[in-house]
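What follows is the residue order along each chain.
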Amino acid sequence: MSHSSFANRTNAKDTSEWHQTACMLCSINCGVEIKIDDRRITRVRGDKAHPGSRGYTCEKALRLDHYQNGKDRLSAPLRRRTDGTYEEIDWDTAIREVAAGLAKVRDEHGGEKIFYYGGGAQGNHLPGGFSGATRKALGMRYQSNALAQEKTGEFWVDGQLYGAMSCHTSPDFHHTDCAVFVGKNPWHSHGFPRARVTLKEISNDPGRHLIVIDPRRTETADLADIHLQVRPGADAWLLGAMLKILVGEGLADRKWLARHANRFDDLTEMLSIVDIEQWCEKAGVPSAEVRHATTTIANAKSCAIFEDLGIQMAPHSTLNSWLEKLIYILTGNFGNKGGMNLHTRMGKLAGGGSRGQSPVGGHRILGGLIACNHIPGEILTDHPDRFRAMIVESSNPIHSLADSQRMREAFGALDFVVVIDVAMTETAREADYVLPACSQYEKWEATFFTTEFPDNYFHLRQPIFEPLEGTLTEAEIHRRLCRELGAYDDEDLEPLKAAAAQGREAYGEAFFATLADNPELGKYTPVVLYETLGPALGEGNEVAAVMWGLSQIFVSQDPEAARRAGIEGEGLALGDALFEKIFTSSSGMVFSTDPYEQTWERMRTPDHKINLMIEELQEEFISLATTDPRDQTDDYPFVLSAGERRSYTANTAIRDPQWRRKKPGTGLRINPEDAESLGLDDGGKVRLTTKRGETVTEIEISSTLQPGHVSLPNGQGLTYPSVADDTDLGISPNELTSEEDRDWFAGTPWHKHVRARLEKV
Ligand SMILES: Nc1nc2c(c(=O)[nH]1)N[C@H]1C(S)=C(S)[C@@H](COP(=O)(O)OP(=O)(O)OC[C@H]3O[C@@H](n4cnc5c(=O)[nH]c(N)nc54)[C@H](O)[C@@H]3O)O[C@H]1N2
Ligand SMILES: Nc1nc2c(c(=O)[nH]1)N[C@H]1C(S)=C(S)[C@@H](COP(=O)(O)OP(=O)(O)OC[C@H]3O[C@@H](n4cnc5c(=O)[nH]c(N)nc54)[C@H](O)[C@@H]3O)O[C@H]1N2
Ligand code: SF4
Ligand SMILES: [Mo]
């Protein structure tokens with residue numbers, strides 16, 4: 001067993017050395033190399049050795065120091081005083097009082113009244129793992145995170161089509177002949193490795209096609225062969241018309257469908273209600289363009305599609321996911337090179353399936369998560385089962401979830417709130433206790449956004465800086481909370497500590513034997529690994545021990561995928577070899593490799609065929625024939641896209657107004673015709689009113705938007721206790737959104753479709 005190759009690195013102060021890590025500003029987590037000077041990140045470049053990004057970065061990574069040394073970083077636990085201000089306390093006091101506060105709620109009302117939100121943002125998913133132990137120690141049951149305001153509808157649809165929600169598809173853009181983006185602007189938002197390079201390659205190759213469905217002429221649309229500039233919120237009609245063209249005009253792959261899918265006749269029957277001309281008109285796209293796009297998809301050798309917030313956060317969200325997926329399925333683009341495939345995963349982001357319902361409103365729980373828009377309703381009530389306390393970790397829900405005002409009110413109504421973050425966020429400012437965590441460059445960290453195919457990557461990043469004084473890793477915070485709550489004691493750990501001293505082989509055997517003897521201890525696995533195997537990995541490396549457990553789980557489920565990636569061994573030794581490779585690959589590694597046919601093995605329907613029909617969504621589809629997206633109320637003639645990704649946005653991970661070199665440009669984008677009819681010049685001020693709020697903002701005239709459609713960037717409008725001049729920090733979009741505007745099925749918000757009124761100021 002090799003000892004840590006990094007133990008001596010955690011104190012590195014050498015300014016000439018490049019350190020391997022990753023950018024944590026979006027889900028792609030490109031490998032980067034950085035140079036440091038004391039506690040600053042001074043240089044950043046793409047890491048060519050990273051198997052996914054291979055040297056690629058976008059412009060945002062260059063300014064990571066604004067995260068590491070961000071404004072309002074926390075460096076001591078804080079306790080709220082009765083007047084609402086905070087006082088610093090020491091860690092022992094903090095752990096004792098937080099544990100006591102949570103235990104009191106548990107003892108008086110039951111552990112299931114304590115709600116967990118977050119667990120990881122774009123680059124840090126280990127906290128969500130460690131917090132599992134604290135949650136179990138308290139008997140907590142309900143949780144949520146940002147996925148339940150974007151992706152849960154899509155996951156559920158996957159479950160219906162492929163037999164389990166864990167059957168998540170990976171678009172093979174690197175090999176595809178036809179890439180389609182629906183409500184997705186990968187030029188800015190990425191979503192797959194090396195996005196800009198790949199988009200340009202497809203765009204420049206006359207034999208390959210790029211199709212964009214977006215109301216705005218985005219940077220991606222500018223590169224596209226075909227841009228269907230759909231009316232905002234009208235995708236369901238457009239996708240319905242495309243499906244009818246496929247089925248009605250002989251473009252569906254009938255032979256392939258007969259072999260791989262069930263109920264094609266029922267689907268054809270459902271699509272019979274579609275009047276192609278009329279539906280295209282409702283969608284605002286000429287039918288000739290829709291036919292051209294549909295034919296291009298059908299005739300391409302392969303096609304891969306990515307749907308994102310433009311349809312997931314708009315009317316008919318879950319229905320749209322179904323219709324979008326039917327397009328690649330009807331053209332036989334599943335389980336093939338250049339198409340859509342079911343990938344492996346390391347770790348998991350959402351827990352459990354879709355059993356149960358929320359305790360107060362009885363709302364669907366999808367992927368183990370309560371829909372974010374339902375959270376306030378589960379608190380602001382006198383229902384006996386309401387949530388009474390909350391743990392928030394690596395997330396900023398008061399800023400990022402719909403209806404910030406009501407979210408703030410809900411936090412105010414809780415008996416006890418603790419926030420674990422690196423910075424004094426909008427959410428932390430509503431907490432009873434704030435616990436300061438080490439930054440992602442001060443501890444071992446990783447992302448579970450491992451969704452690639454045929455090769456899937458994992459990157460365990462080693463710490464580069466010493467923890468900022470006063471901060472702890474989440475692993476240590478949860479270990480201390482578990483100990484304080486009496487979850488387990490030294491005696492429980494003795495056999496594991498003794499085995500760890502003899503090496504990882506002995507540890508592996510002892511681990512499973514101990515858990516069989518003491519199943520209770522198994523509830524706390526992440527912190528138990530951290531406490532027992534951790535020290536054997538070398539001082540400062542203890543957190544990495546949790547990956548040993550995840551490696552063992554991975555090889556128990558998918559041993560062949562790991563072997564195809566070059567990991568050798570049998571049983572526990574295979575898992576240990578995988579861990580060793582993860583632990584020593586400072587630039588990331590390939591943990592699984594699949595042939596395309598593997599997708600069919602991964603199907604969870606009994607006959608391994610795709611189930612085309614989803615009963616729950618049929619009625620909504622049929623209603624499209626008799627409804628029209630142009631029927632609007634007169635009070636709010638504009639559609640606001642509240643939260644567009646731009647080059648200077650990264651959710652709320654960077655809390656430093658200085659990180660944008662140029663003048664912010666955080667204004668409202670608006671079409672020239674609309675600006676003219678409002679009598680406004682570029683930079684002019686406008687009052688924007690929604691049913692939930694109003695604000696005054698500058699406008700930025702842009703012909704990329706169609707008339708009647710306006711957009712604001714995401715992640716802006718942060719407030720900084722330490723910045724005196726907080727002018728020009730933009731608009732916080734969720735002061736304008738309402739929790740009521742949501743998908744009827746998944747509860748996902750309509751952030752891309754907020755009705756609005758504009759007046760010149
Ligand atoms: N630069 C940057 N990149 C990011 C992030 C960031 O904050 N900044 N955040 C990351 C995260 S968490 C996520 S989830 C992804 C999101 O990535 P995207 O979904 O690509 O991001 P958005 O810009 O919010 O929305 C995508 C597109 O939806 C379009 N749209 C609006 N209304 C409609 C509609 O009715 N129909 C259709 N078809 N399209 C519509 C918008 O014009 C926009 O171009 O980005 C990730 N990447
Ligand atoms: N109106 C509107 N609202 C939106 C969107 C939109 O398009 N429109 N987009 C939505 C989407 S898709 C998403 S994913 C959400 C994202 O919203 P959130 O899930 O709230 O995520 P972030 O804004 O990235 O916040 C991450 C938090 O983690 C903290 N953090 C960073 N590193 C660490 C660490 O190592 N440890 C700990 N403990 N904390 C850390 C940061 O300080 C920050 O407070 O926003 C959503 N909100
Ligand atoms: S923001 Fe995303 S795409 Fe850009 S460098 Fe960071 S991880 Fe890569
Ligand atoms: Mo997101």
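Predicted, not measured: the structure shown is a model, and the values here were computed from it. Sequence order sets the numbering: in each chain, residues are counted from 1 along the sequence as written. Chain letters start at A and ligand numbers start at 1, both assigned in the order the entries are written. Where totals are concerned, whole chains, interfaces and linings use all residues; where local detail is concerned, this predicted model gives features only for residues with pLDDT of at least 70, and gives and counts side-chain atom pairs only at 80 or more. By convention in this description, side-chain values take in all heavy atoms of the structure and omit both hydrogens and water.

J.: Please clarify how the overall build of the protein chain should be interpreted in this entry.
T.: Helix and strand definitions follow DSSP, with helices as H or I runs of at least four residues and strands as E runs of at least two, each counted in order from the N terminus. A tally of helices and strands in the protein chain yields 27 helices and 28 strands. The globule rule used here is 2.2 Å times the number of residues to the 0.38 power, and the radius of gyration it is set against is calculated over C-alpha atoms. Against the compact-globule benchmark of 27 Å for 761 residues, the protein chain has a radius of gyration of 26 Å, which places it among compact chains. Referenced to the eigenvectors of the C-alpha coordinate spread, the extents of the protein chain come out at roughly 75 × 60 × 60 Å. Looking at the protein chain residue by residue over its 761 residues, the buried ones come to 64%. For the protein chain, the share of sequence-separated contacts (at least 6 apart) that also reach a separation of at least 24 residues comes to 74%. By element, 46% of the accessible surface of the protein chain is carried by carbon and sulfur atoms, the whole surface being about 27700 Å². One finds the centroid of the 83 positive side-chain charges in the protein chain at a distance of 2 Å from the centroid of its 111 negative side-chain charges. Throughout this description, buried means an accessible area under 20% of the type-specific maximum (1.4 Å probe, protein chains only), exposed means over 50%, and partly exposed covers the range between. Contacts are residue-level and defined by heavy atoms, with any inter-residue pair within 4.5 Å sufficient. What sets the accessible areas is the Shrake-Rupley method with a 1.4 Å probe; for residues, cover comes only from the shown protein chains. Asp and Glu count as negative and Lys and Arg as positive, but His and the ends of the chain are not part of the count. In plain terms, the charge of a residue is placed at NZ if it is Lys, CZ if Arg, CG if Asp and CD if Glu.

J.: I would appreciate a short explanation of the nonpolar core in the present structure.
T.: A general feature of soluble globular proteins is that nonpolar side chains tend to end up buried together. Residues belong to a common nonpolar core when they are buried Ala, Val, Leu, Ile, Met, Phe, Trp, Tyr or Cys residues joined through side-chain atoms within 4.5 Å. One finds Tyr162, Trp322, Phe334 and Ile610 to be the most contacted residues of the largest nonpolar core, which totals 115 residues. Counting residues per element, this core draws most heavily on helix 8 (residues 235-248), at ten residues. Excluding anything up to four places from it in sequence, Tyr162 contacts Cys167, Thr169, Tyr328, Ile329, Phe334, Leu342, Met603, Arg604, Thr605 and Ile610. Counting 93 residues, the second-largest nonpolar core is a separate cluster that includes Met24, Tyr433, Phe458 and Trp548.

J.: Would you take a moment to explain the sheet that holds strand 9 (residues 178-182) for this structure?
T.: Strand-to-strand pairing in sheets goes through backbone hydrogen bonds, with the strands running parallel or antiparallel. Criterion used throughout: strands pair if DSSP finds at least two bridges between them. Spatial ordering of the open sheet is given by 11-10-9-13, a layout of four strands whose pairing is parallel. Edge strands, defined here as strands with exactly one partner in the open sheet, are strand 11 (226-228) and strand 13 (303-307). Adjacent strand axes in the sheet meet at a mean angle of 15°, parallel and antiparallel pairs treated alike. Those strands touched by helix 12 (residues 287-299) are strand 9, strand 10 (209-213), strand 11 and strand 13, and its axis lies near 125° from that of strand 11. The axes used here are C-alpha line fits, helices contributing only the stretch in contact, and every angle between their N-to-C directions lies in the interval 0 to 180 degrees.

J.: Would you mind going over the site of ligand 3 with me for this structure?
T.: Around ligand 3, a shell composed of Cys23, Leu25, Cys26, Asn29, Cys30, Thr57, Cys58, Lys60, Ala61 and His190 is seen. For the shell around ligand 3, the class distribution of residues is six nonpolar, three polar and one charged. To be near a molecule or strand, a residue needs just one of its heavy atoms within 4 Å of it. Under this grouping Gly is polar, as are all residues other than the nonpolar Ala, Val, Leu, Ile, Met, Phe, Trp, Tyr, Cys and Pro and the charged Asp, Glu, Lys and Arg.

J.: What is the right way to read the site of ligand 1 from this model?
T.: In the neighbourhood of ligand 1, 32 residues make up the surrounding shell, with Ser189, Asp214, Asp235, Thr649 and Lys752 lying closest. Side-chain polar atom of Lys60 to a nitrogen atom of ligand 1: 3.2 Å apart, as the coordinates give it. Any pair of nitrogen or oxygen atoms within 3.5 Å is treated as a polar contact; in protein, a donor-acceptor pairing is required on top of that, and neighbouring residues in sequence qualify only through side-chain atoms on both sides. Note that an oxygen atom of ligand 1 is positioned 2.7 Å from one of the backbone N or O atoms of Gly233. Protein contact buries 97% of the 910 Å² of open area that ligand 1 shows by itself. Of all the secondary-structure elements, those providing two or more residues to the shell around ligand 1 are helix 5 (186-189), helix 13 (309-312) and strand 23 (638-644). By residue class, the composition of the shell around ligand 1 is eight nonpolar, 13 polar and eleven charged.

J.: Explain helix 26 (residues 615-623) here, please?
T.: Residues spaced three or four apart along an α-helix face the same direction, because each turn holds 3.6 residues. Residues Leu617, Gln618, Glu620 and Phe621 constitute the buried set of helix 26. Against the buried residues of helix 26 lie helix 4 (152-162), helix 8, helix 10 (264-271), helix 11 (276-283) and helix 14 (317-330).

J.: Is there a simple way to explain unusual backbone geometry in this structure?
T.: Phi is mostly negative for residues that are not glycine, and the peptide bonds are mostly trans. Cis geometry marks the peptide bond from Phe453 to Pro454; its omega dihedral reads 0°. Looking at where Pro454 falls in the secondary structure, it is placed in the loop between strand 19 (433-436) and strand 20 (455-458). Phi at Arg194 takes a positive value of approximately 55°, unusual for a residue other than glycine. The residue Arg194 is located in the loop between helix 5 and helix 6 (195-204) in this model. Positive phi, close to 45°, is recorded for Asn651, a residue that is not glycine. Looking at the secondary structure, you find Asn651 in the loop between strand 23 and strand 24 (668-670). Take Asn651: its relative accessible area is 33%, and that puts it in the partly exposed class.

J.: Sorry if this is basic, but what is going on with the packing of helix 19 (residues 504-517) against helix 21 (residues 525-532) here?
T.: When two helices pack together, their arrangement is given by the angle between their axes and by how far apart the axes lie. Orientation of helix 19 relative to helix 21, taken along the N-to-C sense of each, is 140°, at an axis distance of 13 Å. Comparing the axis directions of helix 19 and helix 21 gives the class oblique. The handedness of the crossing between helix 19 and helix 21 is right-handed. Facing Tyr507, Phe511 and Leu515 of helix 19, the residues of helix 21 in contact are Thr525, Val528, Leu529 and Thr532. In the contact of helix 19 with helix 21, the residues fall into five nonpolar, two polar and no charged. An angle below 35 degrees is read as roughly parallel, one above 145 as roughly antiparallel, one from 65 to 115 as roughly perpendicular, and any other as oblique. Each crossing gets its handedness from the near helix: less than a right angle anticlockwise from the far helix is left-handed, clockwise is right-handed.

J.: Which parts of the structure should I look at to understand the packing of aromatic side chains?
T.: Centre distance and the angle of the planes are the two values used to describe a pair of aromatic rings. Ring pairs shown here join Phe, Tyr and Trp side chains whose ring centres sit within 6.5 Å, with only the six-membered ring taken for Trp; geometry is labelled stacked below 30 degrees between planes, edge-to-face above 60, and tilted in between. Counted under the stated rule, the structure contains 25 aromatic pairs. A centroid spacing of 6.0 Å and a plane angle of 70° characterise the contact between Tyr67 and Tyr441, whose relative ring orientation is edge-to-face. Residue Tyr67 is found in helix 1 (residues 65-68), and its partner Tyr441 is found in the loop between strand 19 and strand 20; the two are separated by 374 residues along the sequence. You can call Tyr441 buried: its relative accessible area is 1%. In textbook terms, an aromatic cluster arises when at least three aromatic residues are bridged by ring pairs, as seen for Tyr162, Trp256, Phe334 and Trp600. Note that Arg45 overlies the ring of Trp18, its terminal NZ or CZ placed 3.8 Å from the centroid. Only lysine NZ and arginine CZ atoms are considered, and such an atom sits over a ring when it is within 6 Å of the ring centre and within 35 degrees of the ring normal.

J.: Hey, could you run me through the confidence of the model for the protein chain in this one?
T.: Interpreting fine coordinate detail is not advised for predicted regions of low pLDDT. Every residue carries a pLDDT, the predictor's confidence in it, which falls somewhere between 0 and 100. Looking at the protein chain, the pLDDT average stands at 95 and 96% of residues meet or exceed 70. No element of the protein chain has a lower mean pLDDT than strand 26 (residues 694-701), at 95, and none a higher one than strand 10, at 99. The low-confidence segment residues 1-12, where pLDDT is below 50, has 34 contacts with residues more than four positions distant or belonging to other chains.

J.: Would you explain helix 8 in this entry?
T.: Any helix carries an expected span of 1.5 Å times its number of residues minus one. With 14 residues, helix 8 ought to run about 20 Å at 1.5 Å a step, and its terminal C-alpha atoms sit 19 Å apart, in line with that. The buried count for helix 8 comes to 13 of 14 residues, which makes it a mostly enclosed element.

J.: What am I meant to see in the environment of Val546 here?
T.: Considering the arrangement of structural elements, one finds Val546 in helix 22 (residues 545-557). For Val546, a relative accessible area of 9% translates into the label buried. In the structure, Val546 is positioned 143 residues away from Thr689 in sequence and 48 Å away in space, judged by C-alpha atoms. Filtering out sequence-adjacent residues up to four positions away, Val546 remains in contact with Leu126, Phe130, Pro526 and Leu529.

J.: Is there a simple way to think about the pattern of salt bridges in this case?
T.: A pairing counts as a salt bridge when a side-chain nitrogen of Lys or Arg comes within 4 Å of a carboxyl oxygen of Asp or Glu. If you walk through the whole model with that rule in mind, you get 52 salt bridges. The closest approach of N and O atoms between Glu442 and Arg39, which form a salt bridge, is 2.8 Å. Remark: Arg39 occurs in the loop between strand 2 (31-37) and strand 3 (40-46) and Glu442 occurs in the loop between strand 19 and strand 20; sequence separation between them is 403 residues. You can call Glu442 buried: its relative accessible area is 3%. Here Arg263 ties to Asp266 by a salt bridge, and the two come within 2.7 Å at their closest N and O atoms. The exposure class assigned to Asp266 is partly exposed, which follows from its relative accessible area of 34%. Bridged by salt links that share partners, the residues Arg216, Glu219, Glu644, Arg646, Arg669 and Glu700 form one connected network.

J.: Help me out: how do you make sense of the packing of helix 4 against helix 14 in this one?
T.: Packing of helix 4 against helix 14 brings their axes to within 9 Å, and their N-to-C directions diverge by 45°. Relative to helix 14, helix 4 is oriented oblique. Crossing angle aside, the handedness with which helix 4 passes helix 14 is right-handed. Contact residues: helix 4 offers Gly153, Glu154, Trp156, Val157, Asp158, Leu161 and Tyr162, while helix 14 offers Thr318, Ser321, Trp322, Lys325, Tyr328 and Ile329. Across the contact of helix 4 with helix 14, the residue classes tally to seven nonpolar, three polar and three charged.

J.: I tried to follow the sheet that holds strand 4 (residues 78-80) on my own but got confused; where do I start?
T.: If you walk across this open sheet you meet the seven strands as 5-4-19-18-17-6-7, and the pairing is mixed. The outermost strands of the open sheet, each flanked by one partner alone, are strand 5 (86-88) and strand 7 (143-144). Sheet analysis places strand 4 next to strand 19, joined by two bridges and oriented antiparallel. Of the residues in strand 19, the one forming a bridge with Leu78 is Val434.

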